[in-house]
Amino acid sequence: MGAMPAHPDPAARPERVTSTPADPARRATRTRWSPVADLSPLARALLSDDLGGRDVVPRHVAARVTAEAEQWAGEGFTEQTVRPWRDLPPAAAGYLARNQVDPRVLDLPIDIVAGTPAVPLRIAIVTGRLPAERAYQLLVLTGEHTPPGSTTSSTAPGSRPDRDTPPRPVTPVLFSHANVEDLSRSDQA
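Residues numbered from 1 in each chain as written. Predicted model: local features only at pLDDT ≥ 70, side-chain atom pairs only at ≥ 80, totals over all residues. Heavy atoms only, no water.

**Remarks on helix H4 (residues 90-98)**
Buried residues of H4: Pro90, Ala92, Ala93, Gly94 and Leu96, and no others. Turning to H4, the residues buried within the fold contact helix H3 (59-74), helix H5 (121-126) and helix H6 (132-141). Once H4 finishes, glutamine 100 follows within two positions and takes phi at roughly 60°, a positive value. (Buried < 20%, exposed > 50% of the residue type's maximum accessible area, 1.4 Å probe, protein only. Helix = DSSP H or I, 4+ residues; strand = E, 2+ residues; numbered from the N terminus. Contact = heavy atoms within 4.5 Å.)

Next up, the structure:
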């Protein structure tokens, strides 16, 4: 069997596609850049940690992080406080931060739906499976968080909470609607 030619008609001339900088379509797709140094400190904190050594970002990215920085500032965050929260929506992060939740608990696994793998609390909040208010309630109910102003035996005056122990997973959430009385009657039968 012989070799096939690279083109069905080797004698045909290839078409040339040319584009000049004066071409309006080409100008519309040209990326415009903004210096990172021109962004606010809070907007810079919202950027990726790895910019590949660049000191500029596309202008649309600069506009997006500037708008996000305004939302974060409205929730009371600064460039020093936003980093551990930045993957959450600003309103959810603001709610949890105002209630003095430690951002490390956002990595605790939680069962949202029976029969599915546990996900980190932050993922449950980001995906909308668990509102920040309910996440806060669960953290309080499971003892992972003590509400501001409340006293417990572990934080009583003179006691020192053990900060060296790793946080335990949040207790799975049960979405059963079983009536406790019905369960006790079935045990008697």
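Now that the structure has been shown, the text picks up again.
**Remarks on H3**
Over its 16 residues, H3 runs 23 Å from end to end, which matches the ideal 22 Å to within 8%, given 1.5 Å per residue. All of the buried residues along H3 are Val61, Ala62, Val65, Ala69 and Trp72. Burial along H3 is one-sided: seen end-on, the buried residues are contained in an arc of 95°. Exposed and facing more than 90 degrees away from the buried side of H3 are His60, Glu70 and Gly74. In the core, the buried residues of H3 are packed alongside strand E1 (33-35), helix H2 (41-46), strand E2 (56-58) and H4. Downstream of H3 by one or two residues, glycine 76 has phi in the positive range, about 95°. (Expected span 1.5 Å × (residues − 1). Arc of directions from axis to C-beta.)

**Here we look at the packing of aromatic side chains**
For the structure shown, the criterion picks out three aromatic pairs. Relative to tyrosine 136, the ring of tyrosine 95 lies with its centre 5.9 Å away and its plane at 85°, an arrangement referred to as edge-to-face. Here tyrosine 95, found in helix H4, pairs with tyrosine 136, found in helix H6; they are 41 residues apart in sequence, far enough to count as distant. One aromatic cluster in this structure is built from Trp72, Phe77 and Trp85. (Phe/Tyr/Trp six-rings, centres within 6.5 Å; stacked < 30°, edge-to-face > 60°.)

**Focus: unusual backbone geometry**
Positive phi, normally seen in glycine, also occurs at glutamine 100, with a value near 60°. Within the secondary structure layout, glutamine 100 lies in the loop between H4 and strand E3 (109-110). Glutamine 100 gets classed as exposed once you look at its relative accessible area, which sits at 55%.

**So, the environment of glutamate 133**
As for its placement among the helices and strands, glutamate 133 is situated in helix H6. Linking glutamate 133 and tyrosine 95, residues 38 residues apart in sequence, is a C-alpha distance of 7.5 Å.

**Describing the pattern of salt bridges**
Should their charged atoms come close, side chains of opposite charge can pair. In the structure shown here, the tally under the stated rule is seven salt bridges. Between arginine 86 and aspartate 49 there is a salt bridge, with its nearest N and O atoms 3.0 Å apart. Placement of arginine 86 in the loop between H3 and H4 and of aspartate 49 in the loop between H2 and E2 is noted, with a sequence separation of 37 residues between them. Residue classification places arginine 86 among the partly exposed positions, given a relative accessible area of 28%. Between arginine 104 and aspartate 102 there is a salt bridge whose closest N-O contact spans 2.7 Å. Overall, the relative accessible area of 57% leaves arginine 104 in the exposed class. (Salt bridge = Lys/Arg side-chain N within 4 Å of Asp/Glu carboxyl O.)

**Side note on the nonpolar core**
One finds Trp85 and Leu96 to be the most contacted residues of the largest nonpolar core, which totals 37 residues. Only H2, H3, H4, H5 and H6 provide two or more residues apiece to this core. Filtering out sequence-adjacent residues up to four positions away, leucine 96 remains in contact with Trp85, Leu88, Val101, Leu106, Ile125, Ala132 and Tyr136. (Core = buried A, V, L, I, M, F, W, Y, C linked by side-chain atoms within 4.5 Å.)

**Regarding the packing of H4 against H6**
Look at H4 against H6: their axes get within 9 Å of each other, and the N-to-C directions meet at 30°. In this view, H4 runs roughly parallel relative to H6, as classed from their interaxial angle. Relative to H6, H4 is oriented so that their crossing is right-handed. The segment H4 lies against H6, with Ala92, Tyr95 and Leu96 engaging Ala132, Glu133 and Tyr136. Along the lines of polarity and charge, the residues of the contact of H4 with H6 split into five nonpolar, no polar and one charged. (Axes fitted to C-alpha atoms, helices over the stretch in contact; angles between N-to-C directions. Parallel < 35°, antiparallel > 145°, perpendicular 65-115°, else oblique. Left-handed = near helix turned anticlockwise from the far one by under 90°. Nonpolar A, V, L, I, M, F, W, Y, C, P; charged D, E, K, R; others polar.)

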